[in-house]
Structure formats: C-alpha cells, structure tokens
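# Report on the structure
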Amino acid sequence: VKYCENVSVGTANGVTRIVFDRFGSLYAVAASNGTVRVHDFDVSEYNLQVRRVPEPGTDSDCLVCSVHTRRSVSDVAWSPLENEDKIVVAFQTVPELRIFDLNYLQAGSRPNVCVQCHAGNKAVLWVATKDQDNDTGSMLIAGGSDGMIRGFQTRSAADVSFARKWEMRADPSKRSSK
C-alpha cells in the first residue's frame, strides 16, 4: 500500500466516481486506472492528525491513502456504520465487490473482504439496516452489468461477511433471452 502517493488521476485515467464519507471530511476519487485515492477535505492540522498522519516528505494535497485494484473502478461507497474508514469498491468487469478497511490496508492493496457476485457491478450503495430487535447491520446494494440489482446483507454491525438476500431486474420489461 502506498500512502500519500502523488499519482495523477487526470484525463488519461478518467475519474469514474467521487464520493464523500458521512461526515463530509474525507472523499474518495475512483479512477479507470484502478486507483481509489482518499483525500481529507478538511485541511486543519487536527483532522489530519486524527485520521492519519502522512509520511514526512510526501505530497501535501491532503491525500490520506491510495488503494490500487488493478481493475477499472466503476463505483465506490463508504461504510454507513461507526467504522467510517471502510469502503466498498465495484468493478463493471469483475464479479465481486471488494471491501477495504483504510486503517488496515493489506500489502498490495488486497481487500479485507470480497463479496462474490453473479456479474460485474456498475453501481454500489452501502446502507445501515435495523432488524426487528433494533440491532444494527448493513446491506450492500449493487447494480449489476447484467441489468440486475442485488442486495447483500450482514447479520450484525460486527459481522464482516455479506450473504446475498435478494435480486431483481432493474427494468422488469427487459426479459432475459436465456
């Protein structure tokens, strides 16, 4: 994992998504070159020290960290739960969602959790849920490149595994030819 790397996300590496965390202090920039760069929007010294301290001598553009996926990223979403330093990354051509804990990035930007999908995904949402006992969990909702919308849910806020709960066709008038 390369922290505070000064990699350009310009016209050659098109930006595919920009999304803020729930506090509006961090934002993730996803790119077609497979990089997700997380920046600190609040340039105050306090926020930089609380979130993560950049290595000395690195760039000063408020870059917090970079995730390198080696695949074009179609979408990214932040965790809605207490640990807001987790992101889920979607790929149009890879049939999985990858979850990265930005506090514990693994060598080579390996994801902390992979959620297997039937197809690649163009869009992803990560939402908090409550069950009948008012216990908090979360759900990933992914828009597949095959025209399907799928929901993957955890059993609790502490659970890190997601199981597919449901799926539906995004446009019911479009039927599969299979």
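Residues numbered from 1 in each chain as written. Predicted model: local features only at pLDDT ≥ 70, side-chain atom pairs only at ≥ 80, totals over all residues. Heavy atoms only, no water.

### Describing the side chain of asparagine 121
In plain terms, the rule: Only DSSP runs of H or I covering at least 4 residues are called helices, and only runs of E covering at least 2 are called strands; the numbering of each starts at the N terminus. For the exposure calls, accessible area comes from a 1.4 Å probe over protein chains only, and a residue counts as buried if that area is under 20% of its type's maximum, exposed if over 50%, partly exposed in between. We call two residues in contact whenever any of their non-hydrogen atoms come within 4.5 Å of each other.
Turning to its location among the elements, asparagine 121 is positioned in strand β9 (residues 121-130). Judged by its relative accessible area of 1%, asparagine 121 is buried. When near neighbours in sequence (up to four residues on either side) are disregarded, asparagine 121 contacts Ser74, Ala90, Phe91, Gln92, Val94, Glu96, Leu97, Ala142, Gly143, Gly144 and Ser145.

### Observations regarding the pattern of salt bridges
Quick reminder of the rule: Whenever Lys or Arg places a side-chain nitrogen within 4 Å of a carboxyl oxygen from Asp or Glu, that contact is recorded as a salt bridge.
Scanning the model with the defined rule gives five salt bridges in all. Ionic pairing is found between arginine 17 and aspartate 75, a salt bridge with its closest N-O pair at 2.5 Å. Taken together, the positions of arginine 17 in strand β1 (residues 15-20) and aspartate 75 in strand β5 (residues 75-78) put the pair 58 residues apart, joining distant regions of the chain. By relative accessible area, aspartate 75 is classed as buried at 5%. The partner of glutamate 167 in a salt bridge is arginine 150, with the nearest N and O atoms 3.0 Å apart. Taken as a pair, glutamate 167 in strand β12 (residues 163-169) and arginine 150 in strand β11 (residues 148-153) lie far apart in primary sequence, 17 residues in all. Residue classification places glutamate 167 among the partly exposed residues on the basis of a relative accessible area of 39%.

### Some points on the environment of tyrosine 27
With respect to the helices and strands, the residue tyrosine 27 is situated in strand β2 (residues 26-31). Classification of tyrosine 27 as partly exposed rests on a relative accessible area of 21%. Taking the C-alpha atoms as reference, tyrosine 27 lies 6.6 Å from aspartate 40; in sequence the two are 13 residues apart. Sequence-distant contacts of tyrosine 27, that is, excluding residues within four places in its chain, are made with Ile18, Val19, Phe20, Arg37, Val38, His39, Phe41 and Trp78.

### Thoughts on the nonpolar core
Applicable threshold: Only buried residues count toward a nonpolar core. Its members are Ala, Val, Leu, Ile, Met, Phe, Trp, Tyr and Cys residues joined through side-chain atoms within 4.5 Å.
Ranked by size, the top nonpolar core spans 19 residues in total, and within it Val36, Val38, Val76, Trp78, Ile87, Val89 and Leu102 carry the most contacts. Elements with a contribution of two residues or more to this core: β2, β3 (35-40), β4 (63-68), β5 and β6 (86-90). Residues Leu97, Val115, Val124 and Phe162 belong to the second largest nonpolar core, which totals 14 residues.

### What to know about the sheet that holds β9
We count it as follows: Strand pairing follows a simple DSSP-based rule, namely that at least 2 bridges must link the two strands. Each axis is a line fitted through C-alpha atoms, and for a helix only the stretch in contact is used; angles between axes span 0 to 180 degrees, taken between their N-to-C directions.
Here we have four strands laid out as an open sheet, ordered β9-β10-β11-β12, and antiparallel in their pairing. The open sheet is flanked by β9 and β12, the only strands paired with a single partner. Taking each pair of neighbouring strands and ignoring which way they run, the sheet shows an average axis angle of 20 degrees. Direction of pairing for strand β10 (residues 136-144) relative to β11: antiparallel, over a ladder of five bridges. Opposite methionine 139, over in β11, you have glutamine 153 as the bridge partner.

### Description of the confidence of the model for the protein chain
Rule in force here: Per-residue confidence from the predictor is reported as pLDDT, which spans 0 to 100.
Overall, the prediction assigns the protein chain a mean pLDDT of 79, with 74% of residues at 70 or greater. Confidence, read as mean pLDDT per element, is least for helix α1 (residues 45-51) in the protein chain (51) and greatest for β5 (95). Every residue in residues 56-60 scores below 50 in pLDDT, and together they form five contacts with partners more than four places removed in sequence or on other chains.

### Focus on the pairing of β3
Burial analysis of β3 places six of its six residues in the buried class, the great majority of the element. Of the pairings in the sheet, the one linking β2 to β3 comprises five bridges and is antiparallel in character. The partner of alanine 28 across the bridge, within β3, is valine 38. With antiparallel pairing between neighbouring strands as the criterion, β2 and β3 make up a hairpin whose turn holds three residues, including glycine 34 at a positive phi of roughly 90 degrees. Here β3 runs beside β4; their pairing, made up of five bridges, is antiparallel. Its bridge partner being in β4, threonine 35 is matched across the sheet by histidine 68.

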